[in-house]
Amino acid sequence: VQLQAFGGGLVQAGGYLRLSCAASGRTGSRFAAGWFRQAPGKDREFVSGITWTGVSTGYSTSVKGRFTVFRDNAKSTVYLQMSSLKPEDTAVYYCAADTTHTEYIFRSSVAYDYWGQGTQVTVSS
């Protein structure tokens, strides 16, 4: 599975962005998807996740209520809608696929076996 994340950019505080993660490769591969982010000098952290069916989603406490994850399996794309952005949301955002546990959301990056290249999100104050 190859993942490509895009949609990042520069936005003012209070603004919004939508990230997309397009999957390609093994036809019919099912996976739970996760969004992670890494700010300069900090560890990579879990942001959000969604199961293959989309029935379950999960968020970190820092983004809950502001970010929404959803997916369109027909388009092989997972989205992260980010609103009410804050300067502390500035980071490189990565999407990841867990092909083993398709109906469970892991918050640890070790559970994910495929990663996208990352897209930069910068929120100015």
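Each value, and the rule that gives it
- Residues numbered from 1 in each chain as written.
- Predicted model: local features only at pLDDT ≥ 70, side-chain atom pairs only at ≥ 80, totals over all residues.
- Heavy atoms only, no water.
- Buried < 20%, exposed > 50% of the residue type's maximum accessible area, 1.4 Å probe, protein only.
- Helix = DSSP H or I, 4+ residues; strand = E, 2+ residues; numbered from the N terminus.
- Pairing = 2+ DSSP bridges.
- Contact = heavy atoms within 4.5 Å.
- Polar contact = N/O pair within 3.5 Å; in protein donor to acceptor, adjacent residues only side chain to side chain.
- Salt bridge = Lys/Arg side-chain N within 4 Å of Asp/Glu carboxyl O.

Draft legend 1. Structural context of the pairing of strand 1 (residues 2-6). Judged by which residues are buried, strand 1 turns out to be one-sided: L3 and A5 face inward and are buried, whereas Q2, Q4 and F6, on the alternate face, are not. Relative to strand 3 (residues 17-24), strand 1 runs antiparallel, the two sharing 5 bridges. Its bridge partner lying in strand 3, Q2 is registered against S24.

Draft legend 2. Structural view of the environment of Q117. Checked against the element boundaries, Q117 lands in the loop between strand 10 (114-115) and strand 11 (119-124). It is 16 Å that separates the C-alpha atoms of Q117 and D43, two residues lying 74 residues apart in sequence. Ignoring sequence-local partners within four residues, the contact set of Q117 consists of L3, Q4, A5 and Y94. Here the side chain of Q117 touches A5 through a polar contact of 2.8 Å, landing on its backbone oxygen.

Draft legend 3. Inspection of the pairing of strand 8 (residues 77-82) at higher detail. For strand 8, a buried count of 5 out of 6 residues is recorded, marking the element as mostly surrounded by other parts of the structure. Relative to strand 8, strand 3 is paired through 6 bridges, and the arrangement is antiparallel. Across the sheet, residue S20 finds its bridge partner in strand 8, namely Y79. Across 6 bridges, strand 7 (residues 67-72) lies against strand 8 in antiparallel orientation.

Draft legend 4. The arrangement of the pattern of salt bridges in detail. Scanning all chains against the criterion turns up 3 salt bridges. The salt bridge partner of E45 is R37, with a shortest N-O separation of 2.6 Å. Residue class for E45 comes out partly exposed when judged on its relative accessible area of 35%. For R37, a relative accessible area of 6% translates into the label buried. We note a salt bridge from D89 to R66, for which the minimum N-O separation is 2.8 Å. Remark: R66 occurs in the loop between strand 6 (57-59) and strand 7 and D89 occurs in the loop between strand 8 and strand 9 (91-98); sequence separation between them is 23 residues. Residue R66 is classed as buried on the basis of its relative accessible area of 11%.

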